[in-house]
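# Analysis of the macromolecular model
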Amino acid sequence: MYLLMNDLYQELNKFSEILIYGAGNYAKLIYPLLKRAGLKERIASFVVTEVQLNSGIDGIPIRTVKEIASFDREKSIVLAAVSDDYADEIVCILHEYKFINVLKMTDYLFTESDLVEITDEQLLNYILEQHIWNRAGVETDLFEEEEKIRKRILQRSVIEINKNTIVIISSYLLPRTVKIIGALVKKNYRVVILEYGHYNMLAKEELSLYNVEFYQCQDIMEVFYRALQYKPLAYYYDPMWGDRICPEVMIRHKGIFGKLVIALYDVLNDGYVQATEEQKEAEKYALENADGIVWRWFSKEFLEEKKGFVYQGTSIQFLDYCEGYQIESRIEKRDELHLCLVLGNTYGLLDETIYPNDRKHVEYARIDSIVKVLGERDDCIFHAFMGDSSKEDRIKFSELEKKYPNFKVFYGTKHNELIQKISKYDYGCFLYTDGQDISEFESFDNLFYGSTHNNAMSNKYFDYLDAGLPIIATRPLKLCEYLDKFGVIVKMHIFNLDIQYLKDNKQLYKKRVVKARKELLIDNQISKLISFLNDL
């Protein structure tokens, strides 16, 4: 939540004495702002209903409502710094004590959702107000400073677009976006990154290799303010799963910002059972109204044809592609086949109640199912690389490691180190079961609809190619069909793995990967994205 401090400040500033009713979270939110604005000397007391042991806050006494009865009602104002649940009750108490000047702090609050329906002018006022008050000090003329910034931002309307600048807004930076940023920088683009919400320090560390401007914003109001310091070729918005407010606000207020491209990592309307209707509607609005869509998943036609989406902007299919890491060329003579699996998290792949692997329907092969198939073989090594995992799942993994010596799990490997490590294996895999295909609109795991197995994207497949590894997989269907054109997909599921075939043909597949990897380098694909942005 945010405060409309201009209006509140002007009301409070009319009085020589300020009483803040409340000593909890709301009071702790407002007091530092009033202090920085130079009003501390006027704050005569914090007020509570019941006596508290705490005698004061920052040198200001805490009194009960009975103890403030002696204050001059004409010269003082009381700010009820409490939630809506208690505000009306407190106002009534204050009126009983004859306090005539009373404000409810909740009347000056707004949330991110409130930004959707307001006018462009109101939004700009809110953005500037939050920026000014977050840096307020007694030496600052707040309103003069705000007007200076307003004039500078409004001048954007007569400034030409800087076609060499791209502003990337992300609520969680992932390897895909880092690759895109790196490729843009190599093409001499100025890239500005506005990150908020969830900070990925590993991604930031990798980005330190590039000449980019990087800002970790404390909230979306700071994102909006920093975004307005530029007039870029486009705002490239890369939201986290379910993040809906920021893109919707920017699209509804194009008059302030300019062209926005939405680049979804996952598509809630395609395959996610537990996405709320509110989240899906917001995502639909963004997809239908953005100036451009960068499709990671193969969802465009599915949403058009099966769900009636109508896109106002243009689209491009742009996959995760390969980074182009320098991998040591090696031909190792060894008897065992070495397989690896890369996962960001366990995602239920140890839970038999989610994925029974009973071969009735095509579904993800559980990790323990894979280990049971491979674990007692002396001609195959199977290792998993996990981004993260719960304590309970780590215990399960540990038990599997003790039982099957050819299985091991590695945790939290940095992305560039991951590529080097998995390059020592023969194949990367993401195994499914066999069985009947799940209908696009059905779900048996209460997590994903059947359409996910057709349209989803998996960054790990390009990680495997980056590491020089062919891929053992049968799903997601459209991704496998795309990569099969390069001859780098081995179409096997967990129950028909042919270890001898894989051993005999690994060098053939690896030679194909070398050729495919050159074409699928993001540096060789980025021109398509640049042309797309220029043509918006």
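Structure: above.
First, a word on what this report is: a plain description of the structure on this page. (Residues numbered from 1 in each chain as written. Predicted model: local features only at pLDDT ≥ 70, side-chain atom pairs only at ≥ 80, totals over all residues. Heavy atoms only, no water.)

## Re the sheet that holds strand 12 (residues 232–238)
Taken in spatial order, the seven strands line up as 11-10-9-12-13-14-15 in an open sheet, and their pairing is parallel. On the outer flanks of this sheet lie strand 11 (213–216) and strand 15 (314–317), each paired with one strand and no other. The mean inter-strand angle of the sheet, taken between neighbouring strand axes irrespective of direction, is 20 degrees. Direction of pairing for strand 9 (residues 162–170) relative to strand 12: parallel, over a ladder of six bridges. Bridge assignment links I169 to a residue of strand 12, and that residue is Y237. Along the sheet, helix 8 (residues 220–227) makes contact with strand 9, strand 10 (190–195), strand 11 and strand 12, crossing strand 10 at roughly 160 degrees. (Pairing = 2+ DSSP bridges. Helix = DSSP H or I, 4+ residues; strand = E, 2+ residues; numbered from the N terminus. Axes fitted to C-alpha atoms, helices over the stretch in contact; angles between N-to-C directions. Contact = heavy atoms within 4.5 Å.)

## Structural notes on the pattern of salt bridges
Enumeration over the complete set of coordinates arrives at 26 salt bridges. Through salt bridges that share partners, K35, K40 and D58 make up one connected network. (Salt bridge = Lys/Arg side-chain N within 4 Å of Asp/Glu carboxyl O.)

## Overview of the pairing of strand 18 (residues 407–411)
Where strand 17 (residues 380–386) meets strand 18, five bridges bridge the pair, whose relative direction is parallel. Bridge assignment links M386 to a residue of strand 18, and that residue is Y411. At this point the chain moves from strand 17, through helix 15 (residues 391–403), to the parallel strand 18, and the crossover so formed is right-handed. (Right-handed = clockwise from strand over helix to strand, strands pointing away.)

## What to know about the sheet that holds strand 5 (residues 60–64)
Strand-to-strand pairing in sheets goes through backbone hydrogen bonds, with the strands running parallel or antiparallel. Strands sit in the order 4-5-3-2-6-7 across an open sheet of six strands; the sheet is mixed. Both outer strands of the open sheet, strand 4 (56–57) and strand 7 (102–104), are each paired with one neighbouring strand and no more. Here strand 3 (residues 43–48) runs beside strand 5; their pairing, made up of three bridges, is parallel. Paired with V48 across the two strands is T64, which belongs to strand 5.

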